[in-house]
Amino acid sequence: MTNHHRLQAASDGSVALYIGGDLQFDSRDEQIYHEVLALPALAIALAAVPTPLNVLVCGGGDGLALRELLKAERVAHVDLVDYDPGVVALARTELAELNGRSLADPRVSVHVGDARAFVEACTGRYDVIISDLTWPKTPTDAGFHTVGWYARLASALTPGGVLSLNAASPSATPEAYWAMVNGLRHAGLHARPLRFALPSFQAQGYGPDWGMIVASPAPLPSFDVALPGPRRALRDAAQLRRLAFFPADHERLAKETAPCDDGAVLFTLLQRPGPVGEPDAAWDTLAAELGAGTGPVPAGLALVPAPIRTALAEARLDQADQETLVERVLDLMPGLQREPTRTMVASFLEAPARFLAAVDLPGLVDRLLARAKELPALFVGELQLLKQTLAEPGPALEHIARVGARVLAVVMVVVVVGNLAFPDSVFGKGASAGGHAGSFLHAGRSSSSTFEPPSIASHGGFRTSSYGRGHAVDEMGYVVNVPHYRVYHTHYYGGGTYHSGSGSGTNPGVGSGDTFGEPEDLQVVYRLTPEVGLTEKGQLVMDLNDKAFFVIDKGPMTLFDRDSGQPVLSVAQQPLLMWRLAHELDRQRKGLVATGDAKDRWIYWMDWLSFMPGSADDVAEATNVRTMAKRLETATFKLPSQPTTTPATARAPTPGAQELFNGAWIMINGNALAIETEQGSYVYLDPVRGFFQNEQLTMPAALPYTPALRDVITHHLAQQTKDEQATRAGLTKSLQDYQADLSSLRADIAEYTSIGQSDGMGSSVTYGTQNVSCATALQLSNDALNRAQATYNDIYGQIGKLPSTMATYRQLQERFMHAGGKP
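Remember, predicted model here, so these are calculated numbers, not experimental data. (Residues numbered from 1 in each chain as written. Predicted model: local features only at pLDDT ≥ 70, side-chain atom pairs only at ≥ 80, totals over all residues. Heavy atoms only, no water.)

Visitor: Help me understand the overall build of the chain, please; the structure alone is not making it clear to me.
Guide: In terms of regular secondary structure, the chain is built from 25 helices and 29 strands. When each of the 823 residues of the chain is scored for burial, the buried share is 54%. Restricting to contacts in the chain with at least 6 residues of sequence separation, those with at least 24 account for 70%. Total accessible area on the chain is roughly 33400 Å²; 52% of this is exposed by carbon and sulfur atoms. (Helix = DSSP H or I, 4+ residues; strand = E, 2+ residues; numbered from the N terminus. Buried < 20%, exposed > 50% of the residue type's maximum accessible area, 1.4 Å probe, protein only. Contact = heavy atoms within 4.5 Å. Areas by Shrake-Rupley, 256 points an atom, 1.4 Å probe, with all protein chains shown as cover.)

Dropping the structure here:
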C-alpha cells in the first residue's frame, strides 16, 4: 500500500516531497497550503466549541498540517491516520524540523492504516477533521470525494465540528471541484469554498490556483474569526475572506454541477480540463447559498452523452417493447440465454441510471471494437454505427436517443460485455480493484432482491492470484504485507492456551525454552488492524514491537520473541482490549458477510454469462470472502464472553505504576515489573534476580527468567525512552520558538506604544503587510502575546511532567541492561 516517495533537496536549502511522482509540498510555499488547510477550520471550531478540541487528520503523514493545528492550546488530542509508513518515518526524521516535531507532541496519536477503516471503526466524534489526502490516481482513490465518504466524515463530526478538505484546482478542473463542494452539501454539510495561488503546484502544471473546502453541520460564519498563530502566509481574516472570491462563471457551475456518488465519475471529471470563464474574482461565495441539503443531486450517468442519458432515464416500455428489446439483445449476442436475458432487461428498465452509473460509453465502444474478431458480426456493425454517431455533434445524438429499443439493446450489450472484458480500464477500477463487481452491483431488480455493492470489501485482494500466499488482506480488500511469525511448541505452549497447564495461581507462563518438534509458522491471512493480524487457524497475533508479538487464543496472552520463536511471557487477557477486539471482529465479519452475499447475488444474476473471462474468479472471490468471515467468527469464539458495556480502563496494581504494555506495569520506583496473571493476581520481575511473588521482592517465585524475555523488555523500554526523548526534544524546540515569538511581540508592543505616545494612537502604522491604526496594532499584538504566552506556559508544563516518567523508564532499562539485556 506504500507509494514510492522521494524527498528532493534544492540548492537554496528547500526540500520537496514527491509521492508516486506527484509533488506533495515544496518547503518554499508549503505554509500557504497548510495554513489555509488547517487554520480556518480550526479557528471556526475554537469559536463554536467551548470545550477542548478533539481532532482527526486523514492523510497528512508529513506532519505539516499537524504543525498548524497544534498552535492552538485548546487542541487536546489529535488522531493522525496515514496509510504510508514511509512518509510517517520521514516526518519523524528528515522533516521533523520543518514540521516542528509535531508527531512527537504528546497530544498526537499516529495510526498507520487506511482512513476509511479508521473512520468506520471510530466511535467518538471530532471537533475538527482535516482531510489531506493525495491526488487521486485511480477511481478507487477518487472515492474519497464521493457523497458516501463525505457522509461518513459528517457522521464523525460533533454538531459544531468543522471539516477542511484538500480538493482540486477550481480553474484547472472546475467540474470536479464543484462536484466536491456539492457532494459535501448533499452529505448534510454547509460548505465554504476557498481558492489561492500556490507557485509550486502551478509550476508542476496542477493549475493556476488550488482549492480547499471548509464544511460543517452547522451554518458557517463569513470567516470573521481570529486565526491561531504564529502565521507566515495567512495575514488575517480579511485576507481569508478574499480567498472565497471566484470567477463569475463559477456561480453557474455551483448551481449545475452534480455531486458524485461513484469514484469513477469523479475521477473522469478530474481529467476534464478548464478553465471556465474569465480569470476574475467577481463572485463572492460568502454571499451565496451553499447550505446543507441544497444544490444538485448526484448523477449516476455523468459519463453517458446527455441525449442518451435523457432517453434512457425516460424509457417506459410496455411488455411488447420489452420483448422486442430482449429479441434485439439475443440477435446481437446469440450466446445469451433467453430467460436470464429477459430478467436483465427488466432490471435495466427499472433503473437505467443506476445500471449505467460511471460508464464511459465511448471508451467502452472503442475497447470492444479493438476485439471485433471475438464478437458476432452483427454486434460489431452496431458498434461501428454507435461509435460514428457518438462522435457527431448534437442532432445525431438526439436522433440515436430516439431510436428506442435499438439503442437500448446496443448500449445494454456494450455495458454487459465490456464490463466483463475490460473490468478495470473502462470502469476505472484501480489495479487492485480486481474484476467487475463494482459497477454492476449497483443495479437492482426489485426492492426484495436488490443487488447492492459490497459494503466494505471494494478492492480485489480476495481474488488476486497471490491470495493466501505470503500476503494478507484487510476489510477493504487491500493486499497488505505482514511480518513473519514463527513459534516453537513448548510445555507452556499447548492445548491452544500457550501457557502451562499446571493451574498455578502465580505462574505467569514464562517459557523455559524446552522445545520439541519443528517450529510452526503462523500464516497471517487477514489484517484486522495495523497491529493485529488473523491467522488461517483463527488465532490473533498482535505486534508489541519489531522484536516481539502476542498470540491471543484461549487463555492468557502469550508473548513470543520474534527472533527465536520462543514464548517468553504470558499475561492475563485485558478486558478492555478483549472487548475492543471482539467488537472489531464482529463489525468486520458482518461486513464480509454482506460482501459475500452481494457477490453471490452477482454470480447468480450473471450466471448466463459464465462463458466470459472472469467468472471463475468471481466464484473464487466469493468463496474466499465467506471463508474469511468464518475465520473472524472462529477468532471471536476464542475470546471471552463480552459485557454489554465498555469495560473500565485497566487499573494500576499500585498507585503510581505506569503501564508498559498490556498486563505489564513499571513499579513507581522503577525497580521491577508487575505482571498480571490469568487469575488476576500479580508476580513481580526484578531485572537482575528474576521473579518474585510479592511487591517487596522478598519471596522468590520458582519461574524461569529467560534471556529472550530480558532482551524483549529491554528493547521495548529503549523504544519507549527514545519516544520520550523525541517528545522532549520537540517540546523544547517549540518552547524556544515561542520564546522567540514572545520576544518579537514584546518588541512590537514597545514600538507601537512609543509611536502612540509620540504621534497618537490614531496614527497609521504597519502591522504585518497592512496599515492600521496604532491602537489596533497594539491591541492585536497584545492579543497575540497573550495567546503565545498561554501556549508557552502549556508547553513548559508538559516538559515539567516528563522527568519522572523518563527517570522511571531509564532506571528500569538500566537495570535490565545491567542484567545483560540488549536494547
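Visitor: Before we go on, may I ask you to explain the side chain of Asp127 in this structure?
Guide: With respect to the element layout, Asp127 can be found in strand β7 (residues 126-132). Comment: no salt bridge for buried Asp127; closest opposite-charge side chain is Arg74, at 7.5 Å. (Lys, Arg positive; Asp, Glu negative; His and termini not counted. Salt bridge = Lys/Arg side-chain N within 4 Å of Asp/Glu carboxyl O.)

Visitor: What should I look at first to understand helix α1 (residues 30-48) in this one?
Guide: Think of an α-helix as turning once every 3.6 residues; residues three or four places apart then point the same way. With 19 residues, α1 extends 27 Å between its outermost C-alpha atoms, agreeing within 8% with the 27 Å of an ideal straight helix rising 1.5 Å per residue. Of all the bends in α1, the greatest, near 30°, is centred on Val36, and the proline Pro40 appears no more than four residues after it. For α1, the tally of buried residues reaches 15 of 19 residues, placing the bulk of the element in the interior. (Expected span 1.5 Å × (residues − 1). Bend = angle between axes of the 7 residues up to and from the residue.)

Visitor: Would you take a moment to explain the pattern of salt bridges for this structure?
Guide: Any two side chains of opposite charge can pair, on the condition that their charged atoms come close. In the structure shown here, the tally under the stated rule is 27 salt bridges. For Asp586, the salt bridge is made with Lys590, and the minimal N-O distance between the two is 3.2 Å. Here the residue Asp586 and the residue Lys590 both occupy positions in helix α21 (residues 575-605), the gap between them amounting to four residues, near one helical turn. On the basis of relative accessibility, which here comes to 27%, the residue Asp586 falls in the partly exposed class. In this structure, Arg815 engages Asp686 in a salt bridge whose closest nitrogen and oxygen atoms are separated by 3.3 Å. Note that Arg815 is positioned in helix α25 (residues 802-818) and Asp686 in strand β26 (residues 682-686), a separation of 129 residues in sequence. Residue classification places Arg815 among the partly exposed positions, given a relative accessible area of 25%. What makes Asp686 buried here is its relative accessible area of 2%.

Visitor: Help me out: how do you make sense of unusual backbone geometry in this one?
Guide: Most peptide bonds are trans, and most residues other than glycine sit at a negative phi. The residue after Gly229, namely Pro230, is reached through a cis peptide bond having omega 0°. When you line up the elements, Pro230 lands in the loop between β10 (210-216) and α9 (237-242). You will see that Arg101, though not glycine, has its phi angle at about 50°, which is positive. Looking at the element boundaries, Arg101 is found in the loop between α3 (85-92) and β6 (108-112).

Visitor: Sorry, what's going on with the sheet that holds strand β25 (residues 673-676) here?
Guide: Backbone hydrogen bonds are what pair the strands of a sheet, in a parallel or an antiparallel way. An order of β23-β24-β25-β26-β27 is seen for the five strands of this open sheet, with the pairing classed as antiparallel. Only two strands of the sheet have a single partner each, and these edge strands are β23 (658-661) and β27 (690-692). Averaged over all adjacent pairs, the angle separating strand axes in this sheet is 35°, with direction ignored. Relative to β27, β26 is paired through three bridges, and the arrangement is antiparallel. The partner of Tyr684 across the bridge, within β27, is Phe692. Sitting on the sheet, helix α23 (residues 707-759) is in contact with β23, β24 (664-666), β25, β26 and β27, with an inclination near 115° to β23. (Pairing = 2+ DSSP bridges. Axes fitted to C-alpha atoms, helices over the stretch in contact; angles between N-to-C directions.)

Visitor: What should I look at first to understand the packing of aromatic side chains in this one?
Guide: Aromatic rings in a pair are described by how distant their centres are and how their planes are angled relative to each other. Summed over all chains, the structure comprises 14 aromatic pairs. Their ring planes at 40° and their centres at 5.6 Å tell us that Trp178 and Trp283 sit as a pair that is tilted. You can see Trp178 sitting in helix α7 (residues 174-186) and its partner Trp283 sitting in strand β12 (residues 283-284), a full 105 residues away along the chain. Measuring from ring centre to ring centre gives 5.7 Å for Phe549 and Phe560, while their planes differ by 15°; the resulting arrangement is stacked. With Phe549 in strand β20 (residues 548-552) and Phe560 in strand β21 (residues 557-561), the pair connects residues that are 11 residues apart, well separated along the chain. Grouping residues by exposure puts Phe549 and Phe560 together as buried. Grouping aromatic residues by their ring pairs yields a cluster made of Tyr33, Trp135, Phe201, Tyr206 and Trp210. The ring of Tyr18 has Arg6 sitting right over it, with the charged end atom 4.4 Å from the ring centre. In this arrangement the basic side chain of Arg195 is found over the ring face of Phe246, its NZ or CZ atom lying 5.5 Å from the centre. (Phe/Tyr/Trp six-rings, centres within 6.5 Å; stacked < 30°, edge-to-face > 60°. Lys NZ or Arg CZ within 6 Å of the ring centre and 35° of its normal.)

Visitor: Got a minute to help me understand the packing of α23 against helix α24 (residues 774-800) in this structure?
Guide: Helix-helix packing is described using two parameters, namely the angle between the two axes and the distance between the axes. Taken N-terminus to C-terminus, the directions of α23 and α24 make an angle of 155°; their axes are 9 Å apart at the nearest point. Judged on the interaxial angle alone, α24 and α23 are roughly antiparallel. Remark: the crossing between α23 and α24 carries left-handed chirality. The residue inventory of the contact of α23 with α24, partitioned by class, reads 18 nonpolar, 10 polar and three charged. (Parallel < 35°, antiparallel > 145°, perpendicular 65-115°, else oblique. Left-handed = near helix turned anticlockwise from the far one by under 90°. Nonpolar A, V, L, I, M, F, W, Y, C, P; charged D, E, K, R; others polar.)

Visitor: Mind showing me how you'd approach the environment of Asn782 here?
Guide: Here Asn782 lies in helix α24. Each C-alpha atom, one on Asn782 and one on Arg746, is 8.4 Å from the other, the two residues being 36 residues apart in sequence. In this structure the side chain of Asn782 is engaged in a polar contact, spanning 2.9 Å, whose partner is the backbone oxygen of Leu778. (Polar contact = N/O pair within 3.5 Å; in protein donor to acceptor, adjacent residues only side chain to side chain.)

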